[in-house]
Amino acid sequence: MSRGTQKEPLHVAIIGGGVTGVNLALGLQARGVSYTIYERGPGFREIGAGIAFSPNAERAMNLLNPDVLAGFKRVANPNGDDYFRWVDGYETNELIFKLYIGKDGFQGGLRSAFLDEWSKQIPPSAVQFNKHLDTFTELTGPDSFSDKVLLRFTDGTTATADAVVGCDGIRSRVRQLLLARPLSSSFSLATFPSSELPHAAHPTYTQKFCFRTLAPMSAALAALGRVRASSRHMYNGPGAHLLTYPVGDSTLLNILAVLSDPNPTWPHPHHTAPGNKAEVVEAFAGWSDAARAIVDLLPDADGGKMDKWGIFDMAADPAPRYHGGKVCLAGDAAHATGPHLGSGAGLGVEDALVLAVLFAEVDKKWREGEEGVSSRKGEMVEKAFEVYNEVRYDRTQEVVQSTRKTCDLFQWRDSEVGRDSERFGREITARFYRVWEYDVNRMVEEALAKFSDKL
Ligand SMILES: Cc1cc2nc3c(=O)[nH]c(=O)nc-3n(C[C@H](O)[C@H](O)[C@H](O)COP(=O)(O)OP(=O)(O)OC[C@H]3O[C@@H](n4cnc5c(N)ncnc54)[C@H](O)[C@@H]3O)c2cc1C
């Protein structure tokens, strides 16, 4: 087709409207690429209390769409000071190590506040709620109209797109479907119940579970004092740890209690299960006054009932690839990781950045119909996903593995480091900085160069 002829632009389907899906949407929006988010819930919703975004994630937000970073900064909680402190929570209550997190770095906030800030930048016409993806089929044909992916939702409706990104979280349906089929065929899936799908990578229980809550800052200040309550602290000890940082414009203290579990399997049907404050009190009973004071801040209402969350990741059974045909995976759907390096969502933002840049390139090259460039949109999408996989796989898998090791360090389970504060400091610095110092500009350049080589 000659330059200037009207061509149907690239259209991307994003399955799932969590951090990854919404960030990808805003990255596409900034580049003028057409998309639709299909979200199974009735609206954008985040569960859980606080979340923090690391410096690499901030840099990725800025490149993705400066409005994403601006939205983040609008509701991010100010740091009391720019250090992450680890304390012996078990015996001495003394500082083990402190790490500089950068000026206004690694800021936390309420999950819901971040998602609200971002999702309000998405026009209603670009999102469909109550759309639970059931299956997809790759259509193949001689022209651009049949070179699409057909999506089927559980309500019986269908939609088509040129490319599909599964941002549907740790229990991703897209991952199940994608990995259950050969890599490069036009294999067509009929409606498969999950139970009948061949084995695909899946999340496994890390033998850790957690309790998450928000305590009023007035109570936290009374229990812990200003320094402890106003900046990021972790209380380490044998087989458990506590993490605290301020959120909600410093009106609340976010508390995460992580407990090791001798049981190899999570006995509950869902990742969350009914729990009770009494379990946490018991787990930290022999710990320092400070650790017990934090546990005391957990809610007493309703007999201390609290959900507990099994921590799952994909370290033991990783996805061998993040793409197949015109479908790919991003965020937790691709590489779910534990919370211990505070970086799972940040990886999703990095994924979104690479994908947004590559989709913009596909759209441009397809519309311009540059000479020597494949005329089929679908082929270009497939090549873009190959590049995405090449650029993202090692980086994300390394963080998943490192996160497990980091939790061992926090809980004094690393036989070489144990309670040696000097070695702990060295290990922790190396692991956090390796995540934070990742060069997102280089990642983008590498992706563009690889894509250009493939065309
Ligand atoms: C306790 C804890 C603390 C954490 N702290 C941090 C932190 O401080 N910093 C950090 O960077 N990361 C942190 N993480 C990790 C972070 O929460 C996740 O990496 C991130 O939320 C994943 O976002 P996502 O958009 O990929 O997936 P999700 O947030 O799971 O979103 C998936 C979306 O897809 C939708 N969906 C699912 N299936 C379908 C379907 N079939 N059809 C349509 N829609 C579907 C869901 O409704 C949901 O909206 C933490 C995790 C935990 C458990």
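The protein is annotated in an unreviewed UniProt entry as FAD-binding domain-containing protein from Corynascus novoguineensis. Its UniProt record gives the protein the following Sequence similarities (unreviewed entry) comment, quoted word for word: "Belongs to the paxM FAD-dependent monooxygenase family."

A.B. asks: Teacher, can you tell me more about the site of the ligand here?
C.D. replies: Around the ligand, 29 residues are found, and the nearest of them are T20, E39, A52, R111 and D332. Note that a nitrogen atom of the ligand is positioned 2.9 Å from one of the backbone N or O atoms of L133. Residue A345 places a main-chain N or O atom 2.9 Å away from an oxygen atom belonging to the ligand. Protein coverage of the free-state accessible area of the ligand, which is 1,000 Å², stands at 86%. At the level of elements, α1 (19-30), β3 (50-52) and α12 (344-368) are the ones that each hand at least two residues to the shell around the ligand. By residue number, the principal contributor to the shell around the ligand is α12, which donates 3 residues. When its residues are assigned to classes, the shell around the ligand shows 10 nonpolar, 11 polar and 8 charged.

A.B. asks: Where do I start with the packing of helix α2 (residues 55-64) against helix α3 (residues 66-75) in this structure?
C.D. replies: A pair of packed helices is characterised by two quantities: the angle between their axes and the separation of those axes. Taken N-terminus to C-terminus, the directions of α2 and α3 make an angle of 135 degrees; their axes are 5 Å apart at the nearest point. Taken together, the axes of α2 and α3 lie oblique to each other. Along the contact surface, α2 presents E58, M61, N62 and L64, while α3 presents P66, V68, L69, F72 and K73.

A.B. asks: Mind showing me how you'd approach the UniProt feature "domain: FAD-binding" (unreviewed entry) in the protein here?
C.D. replies: As annotated by UniProt and renumbered to match this structure, "domain: FAD-binding" (unreviewed entry) occupies residues 304-366. Its end C-alpha atoms 58 Å apart, residues 304-366 is made of 44% helix and 22% strand.

A.B. asks: When you look at the packing of α12 against helix α13 (residues 377-410) in this model, what are you seeing that I'm missing?
C.D. replies: α13 packs onto α12 with a crossing angle of 160 degrees between their chain directions and a minimal axis gap of 10 Å. The orientation of α12 relative to α13 falls into the category roughly antiparallel. Seen along the crossing, α12 lies across α13 with a hand that is right-handed. Contact with α12, carried on its side by L347, E350, D351, V354, L355, L358, F359, V362, K365 and W366, involves K377, M380, V381, A384, F385, V387, Y388, V391, R392, R395, T396 and V399 of α13 and no other residues of that element. Among the residues making up the contact of α12 with α13, the classes are represented as 15 nonpolar, 1 polar and 6 charged.

A.B. asks: Just to check I follow, could you spell out the side chain of K277 for this structure?
C.D. replies: Here K277 is to be found in helix α8 (residues 277-283). There is a polar contact of 2.8 Å between the side chain of K277 and the side chain of D300. With residues near it in sequence (within four places) discarded, K277 still touches V295, D296, L298, P299, D300, G304 and M306.

A.B. asks: What is the right way to read empty space enclosed by the protein from this model?
C.D. replies: Taken as a whole and assessed by the stated rule, the structure comprises 2 cavities of 30 Å³ or more. Roughly 60 Å³ of internal volume is contained in the largest cavity. Surrounding the largest cavity, N77, P78, N79, G80, F106, Q107, G108, S230, S231, R232, Y245 and P246 form its lining. Residue classes in the lining of the largest cavity are distributed as 4 nonpolar, 7 polar and 1 charged. In this structure, the second largest cavity spans a volume of roughly 40 Å³.

A.B. asks: Help me understand the side chain of R392, please; the structure alone is not making it clear to me.
C.D. replies: Position of R392 relative to the elements: it lies in helix α13. Note on R392: relative accessible area 0%, which makes it buried. Among the polar contacts listed, one links the side chain of R392 to the backbone oxygen of L347, at a separation of 3.4 Å. Beyond its immediate chain neighbours, meaning those up to four positions away, R392 contacts Y322, L347, E350, D351, V354, Y438 and M443.

What counts and how
- Residues numbered from 1 in each chain as written.
- Predicted model: local features only at pLDDT ≥ 70, side-chain atom pairs only at ≥ 80, totals over all residues.
- Heavy atoms only, no water.
- UniProt positions renumbered as here; feature names shortened; annotations may be inferred.
- Near = heavy atom within 4 Å.
- Polar contact = N/O pair within 3.5 Å; in protein donor to acceptor, adjacent residues only side chain to side chain.
- Areas by Shrake-Rupley, 256 points an atom, 1.4 Å probe, with all protein chains shown as cover.
- Helix = DSSP H or I, 4+ residues; strand = E, 2+ residues; numbered from the N terminus.
- Nonpolar A, V, L, I, M, F, W, Y, C, P; charged D, E, K, R; others polar.
- Axes fitted to C-alpha atoms, helices over the stretch in contact; angles between N-to-C directions.
- Parallel < 35°, antiparallel > 145°, perpendicular 65-115°, else oblique.
- Contact = heavy atoms within 4.5 Å.
- Left-handed = near helix turned anticlockwise from the far one by under 90°.
- 1 Å grid on protein atoms, 1.4 Å probe; cavity = no way out; pocket = protein on both sides within 12 Å on 5 of 7 lines; lining within 4 Å.
- Points joined across faces, edges and corners; volume = space filled by probe spheres on them.
- Buried < 20%, exposed > 50% of the residue type's maximum accessible area, 1.4 Å probe, protein only.

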